[in-house]
Each structure stands twice: as structure tokens, then as C-alpha cells.
Amino acid sequence: MNQQPRFAPIPFVDVAAQRRRLGARIDAAIARVLAHCQFIMGPEVAALEEKLAAFCGARHALGCASGTDALLLALMAKGIGPGDAVICPAFTFCATAEAVALVGATPVFADVDAATFNLDPTALEAALAAARRAGLTPKAVMTVDLFGLPAAYDAIAPIAAAHGLVVIADAAQSFGAVYHDRRVGTLAPLTTTSFFPSKPLSCYGDGGAVFTDDDDLAALMRSIRIHGQGADKYDNVRIGINGRLDTIQAAVLIEKLEIFADELAAREAIARRYDAALRDVAVVPRLPEGLTGVWALYTIRLPAGARDRVMAALAAQGIPTGVYYPKPLHRQGAYRHYPVAGNGLPVTDRLADEVLSLPMHAYLDEATQDRIVAALRAALNSV
Ligand SMILES: *Cc1c(COP(=O)(O)O)cnc(C)c1O
């Protein structure tokens, strides 16, 4: 006998809802690639690059194979390698520091701001000191626009400039966000993003992009992206990677970019509804003046110790939640030997115990959101 679930399960990110909206357009876009068979660097890649650059106002956009490769391209283009330090947060997805380690440089972890979850500009000096104590030359600050909210670029840029550091923005979660009338992609000399399926602008597999206004860096990254090619593909002038974006993924992204602004507006409305419904029972995200996020994740903070029970209560009602990130990088086996700024990362450690992300995507309807809110409020009131 079939057991009826008491509650229909809710998806955390509803990829299928967007697919229904786009309908046959993506099928047709993929079919066009299947017809012309230029699977590698086909015309859709350059077309997408032009549209991405126009969307954010950057001079150059380069498609690449993933957000991780985008970071590698940026680091390699700046010649960052062994003996160099790159300051980055530990409260992020591992790829941020992984790319630094892959080029042979050393990630140095700095603490984040509790209100924005992003790199704390006042923690940079301590990170620089930790890098120098370890005998390293600080070369870059890698900001992360966590959960889709731009980092404190105006505060970080002058500190970076004073120390000769390049700012590399890991905007894997924030493409589309606005910072004082400028879009992500133009807030740092190099900006990287990811089109992994759970990111706000995503493809149907792996993909990423790098943005810059610098012609020389763009040319360098175009070469590095294809095995360090020179005049042609059998002329190799530097060490590179196989970092291209597939033509099929570019074709998918062109269609999705058409509705992206509309989806961002829907995400914003959903975030505002969560704020209003939850601000009296949890710490809801607080955005600095003049910034808009893209809500890659909608993340609240709960009293320490309440989270496991709340998650279990919601899961019992078919409501998925997530913890991003339960174990910060400076506590991960692969990264714990790298230098840490100051006397540890107390804010990062606290956030790892308190954060909880709720279902968030552009197609979350009000009835479903109300069900999530009601369940969360009930769970918190009984903790
Ligand atoms: C997703 C993500 C990446 C990596 O992107 P991939 O496309 O999965 O390689 C890097 N940094 C951050 C902060 C991310 O969220």
C-alpha cells in the first residue's frame, strides 16, 4: 500500500521550475549547437561573452569551464605562485582557497564581518602580518561575495592599493548584484563567477566566467584558457589549462540571461518576504546601504545549539535547509596548515555554528514560502 507523504517535499533550489518557464527555448538553443557541431569554442561562446560583459558593464568577459577555473585563470594571469600569499576568508566554499593552493601560492585566512558574512576589511592588516611572519609575499586579496552580497570593496580597495595587492573578486555567488550603482564584474580588477546549477545564473553542467576591464589581462587569460596558446592552437607560449566553456553551456546561458533580471527581482521579493516574516525570531540578513544581493542563499542566524533541532523539525515536514558552511576552511584537513590572521577567526567559527540557509529560488511561490515560515517559527518557538 502506498503511504501518502503528509507534506509534499519542497526543493531547496527548483531547477525544474525554471526549465518549465524557459520551455522549448533551451531545447532549440541546444539543437542549434547539435546542428552546427562546433562543440568547442562555437559561436555561442563569443555571443555569450558579449552579453555577459554588457550585462555587468565590464570591458571583457571570458567564458570558462567552472568557477574554479575562473579563479585559476585570474591567479595565473597575475603570475601568482610559490612564495606568494593570497588573503581570503575561511568562511567560503573550498574552491576559493583551493585555486590559490593549486597555483602553488599560500592562502592566508582572515576573519569575516558577522553582519555581512564577508571579509572584514579591518582584519586585512593582521592577515598581512601573518603572511609576512610565514615568510610569504602578499600579492592578492580574494574577496568572496558570500550568498550573493558584494564584499566591502570601497574599504578593501585602498588597503589593497597601499600594500600593492590586486583584488580578485570571487563572485561565484553574486553575479548580477549591485554595489552603489555598479554591477559585480566591475568592482575589482579581476572578477570570477560560476554557472554551477545552484548559482543564481547557472547552466546545465559546469561553467564559469572571468571579467576584467584590462585588455592585457583579458588577452593573457584567453591564452591561458586554451593551453597557453599563442598565434594558433599549436603555438604554445606559456603554461595554461584546458579551461574552455562548452558551446552547449553557452547556448543554455544565453537563454537564461534573457530572464535573469526578472529572476533577480523575484529573488529580491522572496528575500523581503522572509525578512518580514522572520526578523522577530531569527537574525535575518542585513544589507549595507546601496547594495543589493542576488540571494544565492538566504541565510539566517539562530541561537547556537538550536540549529540541529530546527533542521530536523523542518526536514520532517519535507522542508530542506542547508548549512553553508559547517566547517570553515581553516578547520578543514586540507587547509588547516595554512596561516590564519591574528589569534584565530572567532566570527567565522561563530557563524559556522549559527547559520541556516532556507529554500531560495526565483520560483518559490508565496504559499510554499508561508509553509516554510510557519514550520520554522513553530520549530523555533518549541526549542
Ligand atoms: C561555487 C563556488 C565556487 C566554485 O565554482 P565551480 O563552478 O563549482 O567551480 C568558488 N567559490 C565560491 C564562493 C563558490 O560558491
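Nothing here was measured: the structure is a model prediction, and the numbers come from that model. (Residues numbered from 1 in each chain as written. Predicted model: local features only at pLDDT ≥ 70, side-chain atom pairs only at ≥ 80, totals over all residues. Heavy atoms only, no water.)

A.B. asks: Where do I start with helix α9 (residues 247-258) in this structure?
C.D. replies: Each full turn of the α-helix corresponds to 3.6 residues, which orients residues three or four apart in the same direction. End to end, α9 covers 17 Å across 12 residues, agreeing with the expected 16 Å (1.5 Å per residue, within 8%). For α9, a buried count of 10 out of 12 residues is recorded, marking the element as mostly surrounded by other parts of the structure. Within α9 the residues assigned to the buried category are T247, Q249, A250, A251, V252, L253, I254, E255, K256 and L257. The elements touched by buried residues of α9 are α1 (15-22), α2 (24-36), α3 (43-56) and α10 (260-278). (Helix = DSSP H or I, 4+ residues; strand = E, 2+ residues; numbered from the N terminus. Expected span 1.5 Å × (residues − 1). Buried < 20%, exposed > 50% of the residue type's maximum accessible area, 1.4 Å probe, protein only. Contact = heavy atoms within 4.5 Å.)

A.B. asks: Whenever I open this one, the site of the ligand confuses me. Can you help?
C.D. replies: Taken together, 14 residues lie around the ligand, and G67, T68, D170, S194 and K199 are the ones closest in. Between the ligand and D170, the relevant distance is 2.7 Å, taken from a nitrogen atom to a side-chain nitrogen or oxygen of the residue. Take Q173: an N or O atom from its side chain is 2.7 Å from an oxygen atom of the ligand. Relative to its unbound accessible surface of 380 Å², the ligand loses 93% to contact with the protein. (Near = heavy atom within 4 Å. Polar contact = N/O pair within 3.5 Å; in protein donor to acceptor, adjacent residues only side chain to side chain. Areas by Shrake-Rupley, 256 points an atom, 1.4 Å probe, with all protein chains shown as cover.)

A.B. asks: Is there a simple way to think about the sheet that holds strand β10 (residues 291-292) in this case?
C.D. replies: Remark on secondary structure: sheet strands pair via backbone hydrogen bonds, oriented parallel or antiparallel. Taken together, the 3 strands give an open sheet; going across it, the order is β7-β6-β10, and neighbouring strands pair in antiparallel fashion. Because the sheet does not close on itself, it has two edges, and the strands there are β7 (182-183) and β10. Two elements, strand β6 (residues 178-179) and β7, share 2 bridges in a ladder whose sense is antiparallel. Residue pairing across strands places V178 opposite R183, the latter belonging to β7. (Pairing = 2+ DSSP bridges.)

A.B. asks: Would you mind showing me how to read the pairing of strand β3 (residues 106-110) here?
C.D. replies: Regular strands place their side chains on alternate faces of the sheet. With 5 of 5 residues buried, β3 is to be regarded as a mostly interior element. Of the strand pairs in this sheet, strand β2 (residues 84-89) and β3 are connected by 5 bridges, and their pairing is parallel. Bridged to A85 within β3 is T106. Remark: the β2/helix α5 (residues 95-102)/β3 crossover connection has right-handed handedness. (Right-handed = clockwise from strand over helix to strand, strands pointing away.)

A.B. asks: How should the environment of F55 be read in this particular structure?
C.D. replies: Examined against the element boundaries, F55 turns out to sit in helix α3. For the pair F55 and Q317, spaced 262 residues apart in the sequence, the C-alpha separation amounts to 40 Å. F55 has contacts with F175, G176, R183, L257 and F260, leaving out every residue within four places of it along the chain.

A.B. asks: Please clarify how the domain arrangement of the chain should be interpreted in this entry.
C.D. replies: How big an interface is tends to be stated in terms of the accessible area lost upon association of its parts. What the domain assignment reports for the chain is domain 1 (17-110 + 117-258) and domain 2 (260-382). Taking only C-alpha atoms into account, the centre of domain 1 sits 24 Å from that of domain 2. Facing the 44 residues of domain 1 at the interface are 35 residues of domain 2. Buried area between domain 1 and domain 2, both sides added, is near 3300 Å², and the carbon and sulfur share of it is 69%. If you sort the residues of domain 1 by the area they bury against domain 2, F91, F109 and F147 come out on top, with a joint share of 23%. Here domain 1 and domain 2 share 1 salt bridge between them. One salt bridge connects R21 with D262, and the closest N-O pair in it is separated by 2.7 Å. Our count for the contact surface shared by domain 1 and domain 2 stands at 13 residue pairs in polar contact (both at pLDDT 80 or more). Secondary-structure elements contributing two or more residues to the side of domain 1 that touches domain 2 are α1, α5, β3, α6 (124-133), β6 and α9. (Domains from an automatic or database assignment. Buried area = accessible area lost by both parts, 1.4 Å probe. Salt bridge = Lys/Arg side-chain N within 4 Å of Asp/Glu carboxyl O.)

A.B. asks: Hey, could you run me through the packing of α10 against helix α13 (residues 366-381) in this one?
C.D. replies: How two helices pack is summed up by the angle between their axes together with the distance between the axes. Direction vectors running N to C along α10 and α13 enclose 30°, while the axes themselves pass 11 Å from each other. Regarding the angle of α10 to α13, the classification is roughly parallel. The interaxial crossing formed by α10 with α13 has right-handed handedness. Judged by residue contacts, I270, R273, Y274, A277 and L278 of α10 engage E366, Q369, D370, I372, V373, L376 and R377 from α13. A class-by-class count of the residues in the contact of α10 with α13 yields 7 nonpolar, 1 polar and 4 charged. (Axes fitted to C-alpha atoms, helices over the stretch in contact; angles between N-to-C directions. Parallel < 35°, antiparallel > 145°, perpendicular 65-115°, else oblique. Left-handed = near helix turned anticlockwise from the far one by under 90°. Nonpolar A, V, L, I, M, F, W, Y, C, P; charged D, E, K, R; others polar.)

A.B. asks: Help me out: how do you make sense of the pattern of salt bridges in this one?
C.D. replies: Pairs may arise between side chains of opposite charge once their charged atoms sit close together. Across all of its chains, the model carries 15 salt bridges by this definition. A salt bridge links E49 to R225, with the nearest nitrogen and oxygen atoms 2.8 Å apart. With E49 in helix α3 and R225 in helix α8 (residues 215-225), this residue pair connects regions lying 176 residues apart in the sequence. Judged by its relative accessible area of 3%, R225 falls in the buried class. The salt bridge partner of R273 is E366, with a shortest N-O separation of 3.7 Å. With a gap of 93 residues between them, R273 in helix α10 and E366 in helix α13 connect regions that are remote in the sequence. Through salt bridges with shared partners, a single ionic network connects R25, R32 and E255.

A.B. asks: Mind showing me how you'd approach the nonpolar core here?
C.D. replies: Nonpolar side chains in soluble globular proteins tend to be buried together. With 56 residues, the main nonpolar core has L52, I87, V108, Y153, F175, L201 and F211 as its most contacted residues. Among the elements that make up this core, the one with the highest residue count is α3 (6 residues). Each residue touching F175, except ones within four places of it in the same chain, is listed here: L52, F55, C56, V184, T193, L201, F211, F260 and V294. (Core = buried A, V, L, I, M, F, W, Y, C linked by side-chain atoms within 4.5 Å.)

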